[in-house]
Amino acid sequence: MKNKLLKDTGVEKEKAVIVGVSFNKVQHNFDADLEELSSLCYTAGLEVIGSTYQNVKEQNASTLLGSGKVEEIKNLVSELGADVVVVDCELTGSQLNNISNIVQVKVIDRSMLILDIFAGRATTNEGRLQVRLAQLKYSLPRINNITNSSGKFGGAGVGMRGPGETKLETNKRAIRENITKLEKEIIKLKEQRLIQKSKRQKNRVKQVAIIGYTNAGKSTLMNTITKAGIYADDLLFATLDTTSRNLYLENGKQVVIVDTVGFIDKLPHAFIEAFNATLEETVDADLLLHIVDISNPNYMEQIEIVEEVLKELKAENIPRIMVYNKVDKLNKPFSVPMGSVLISAKNNNGIEILKQKIIETLF
């Protein structure tokens with residue numbers, strides 16, 4: 001597959017070996033995990049050329065993975081000529097450094113990969129601030145390993161990018177000072193949002209937030225239902241910045257509809273902290289539209305992951321409508337649960353039914 005974001009740039013993509021990791025003793029669906037990790041790599045601009053996985057029963061403090069598995073990865077990297085190894089879980093700085101020293105190429109973990117994608121996708125000032133904050137919080141406990149790895153862990157390329165391609169500071173005090181500064185700037189932006197929120201409440205304009213697993217079709221629905229014209233693509237985290245639009249319904253009814261960043265399994269803790277202000281758009285909503293990609297064979301697991309994040313945000317009690325999207329991709333009948341809506345945001349199917357459901361729920 002050719003990464004649409006990199007076409008015509010002349011940039012040669014780094015070649016990656018991906019490593020699935022499970023800590024479950026029961027049978028685990030590694031195929032689904034590796035497919036999602038591969039999609040994340042594709043979104044970040046990496047070319048996946050090999051993969052392997054391990055069910056970790058006893059964690060190796062030095063490398064997390066077993067020594068035999070790390071040796072297998074080393075041979076795979078050498079055989080395929082890979083530039084980077086991507087591990088599908090969060091690793092400590094020493095684990096990243098130790099694996100890198102063995103396999104002799106850069107090693108990044110899932111959190112680094114996701115943060116790298118965000119760094120390339122943030123277009124608003126707040127988005128860039130939040131990405132930078134998340135990167136600094138992630139890097140702080142790992143900074144010694146980043147700077148002492150002979151360039152294999154640190155350096156350029158995927159996993160090391162930030163807004164403006166800035167380098168991570170090597171001084172921990174400087175990082176802490178930057179974190180404090182960024183948090184203050186984000187608080188100011190949050191205060192501005194609170195003023196906007198109070199105006200909406202004064203004018204009695206209700207807010208609807210579109211939530212869901214990444215690539216479920218949230219931005220496509222936003223475009224279809226409001227003609228917003230925001231970027232949408234068949235990529236994980238195709239959009240990052242929150243977008244708000246007015247949605248005019250029947251009988252003069254009006255709501256503000258918000259397209260939020262997608263959720264994903266094993267969301268980096270640094271992300272939750274840094275993007276708390278943006279995620280509050282979900283908490284402040286009067287109604288949630290939980291968009292589900294019904295064509296994805298793992299859609300039930302994705303629903304559970306979104307529900308877990310909502311609980312973490314203390315937003316599980318907000319009224320919601322389950323919206324099963326991508327019906328155009330189904331090749332078998334689907335029984336719609338009571339109170340839910342079946343749509344194709346791409347083909348405009350079921351949108352009027354969804355609007356009626358919004359009116360019934362809110363008004």
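Given the structure is predicted, the values throughout are model-derived calculations rather than measurements.

Basis of the calculations
Residues numbered from 1 in each chain as written. Predicted model: local features only at pLDDT ≥ 70, side-chain atom pairs only at ≥ 80, totals over all residues. Heavy atoms only, no water. Pairing = 2+ DSSP bridges. Helix = DSSP H or I, 4+ residues; strand = E, 2+ residues; numbered from the N terminus. Axes fitted to C-alpha atoms, helices over the stretch in contact; angles between N-to-C directions. Contact = heavy atoms within 4.5 Å. Parallel < 35°, antiparallel > 145°, perpendicular 65-115°, else oblique. Left-handed = near helix turned anticlockwise from the far one by under 90°. Phe/Tyr/Trp six-rings, centres within 6.5 Å; stacked < 30°, edge-to-face > 60°. Buried < 20%, exposed > 50% of the residue type's maximum accessible area, 1.4 Å probe, protein only. Lys NZ or Arg CZ within 6 Å of the ring centre and 35° of its normal. Expected span 1.5 Å × (residues − 1). Polar contact = N/O pair within 3.5 Å; in protein donor to acceptor, adjacent residues only side chain to side chain. Core = buried A, V, L, I, M, F, W, Y, C linked by side-chain atoms within 4.5 Å. Arc of directions from axis to C-beta.

**Quick notes on the sheet that holds strand 1 (residues 15-22)**
One open sheet accounts for four strands, arranged 2-1-3-4; its pairing is parallel. The open sheet has two edge strands, strand 2 (47-55) and strand 4 (106-109), and neither has a second partner. Ignoring strand direction, the axes of neighbouring strands in this sheet form an average angle of 20°. Across four bridges, the pairing between strand 1 and strand 3 (residues 84-87) is parallel. Note that in strand 3 the partner of Ile18 across the bridge is Val86. Sitting on the sheet, helix 1 (residues 30-44) is in contact with strand 1, strand 2 and strand 3, with an inclination near 145° to strand 1.

**A short note on the packing of helix 4 (residues 110-121) against helix 5 (residues 125-139)**
Where helix 4 contacts helix 5, the axes come no closer than 9 Å and their chain directions differ by 155°. One way to sum up the angle between helix 4 and helix 5 is to call them roughly antiparallel. Here the hand of the crossing between helix 4 and helix 5 comes out left-handed. Side by side, helix 4 and helix 5 meet where Ser111, Met112, Leu115, Phe118 and Ala119 of the first sit next to Val131, Ala134, Gln135 and Tyr138 of the second.

**Considerations on the sheet that holds strand 9 (residues 320-325)**
Across the sheet, six strands lie side by side as 6-7-5-8-9-10; this open sheet has mixed pairing. At either margin of the open sheet sits one strand with a lone partner, and together these are strand 6 (243-248) and strand 10 (341-342). Bridge count between strand 9 and strand 10: two bridges; the pairing is parallel. Bridging from a neighbouring strand, Tyr324 pairs with Leu342 of strand 10.

**Quick look at the packing of aromatic side chains**
All told, the structure shown has three aromatic pairs when counted by the stated rule. Note on Phe30 and Tyr53: the rings are 4.3 Å apart at their centroids and 20° apart in plane angle, and the pair reads as stacked. One end of the pair, Phe30, is in helix 1; the other, Tyr53, is in strand 2, and 23 residues separate them in sequence. Of the residues examined, Tyr53 reaches a relative accessible area of 43% and is grouped as partly exposed. On the basis of an interplanar angle of 55° and a centroid distance of 5.2 Å, the ring pair of Tyr324 and Phe334 is categorised as tilted. Here Phe334 lies in the loop between strand 9 and strand 10 and Tyr324 lies in strand 9, a separation of 10 residues in the sequence. An aromatic cluster of at least three residues, connected via ring pairs, comprises Tyr299, Tyr324 and Phe334. For the cation-ring pair, Arg142 lies above Tyr138, with the distance from its terminal atom to the ring centre recorded as 3.8 Å. Seen from the ring of Phe363, Lys253 lies directly overhead, with NZ or CZ sitting 5.6 Å from the centre.

**Overview of helix 4**
The first and last C-alpha atoms of helix 4 sit 17 Å apart over 12 residues, in line with the 16 Å expected at 1.5 Å per residue. With respect to burial, helix 4 is a largely interior element, 11 of its 12 residues being buried. Buried within helix 4 we find Arg110, Ser111, Met112, Leu113, Ile114, Leu115, Asp116, Ile117, Phe118, Ala119 and Arg121. Put simply, Asp109 is the residue that caps the front of helix 4, since its side-chain oxygen is 3.3 Å from the backbone nitrogen of Ser111.

**Looking at the nonpolar core**
Counting residues in each nonpolar core, the largest one holds 59 residues, and the members touching the most others are Val85, Val86, Val87, Val103 and Leu113. Broken down by element, the residue count for this core peaks at seven residues, all from helix 4. Aside from chain neighbours lying at most four places away, what touches Val85 is Val17, Val19, Ile73, Val77, Val103, Val105, Lys106, Val107 and Ile108. Core analysis: the second largest hydrophobic core is formed by 23 residues, Ile210, Leu221, Leu289 and Ile358 among them.

**Remarks on helix 12 (residues 351-362)**
In this model helix 12 runs 17 Å from its N-terminal to its C-terminal C-alpha over 12 residues, within 8% of the 16 Å that 1.5 Å per residue would give. Three or more residues of helix 12 are buried, namely Ile351, Leu354, Lys355, Ile358, Ile359 and Leu362. Buried residues along helix 12 cover an arc of 140° about the axis, so they all sit on one side. When the buried face of helix 12 is taken as reference, the exposed residues oriented beyond 90 degrees from it are Ile353 and Glu360.

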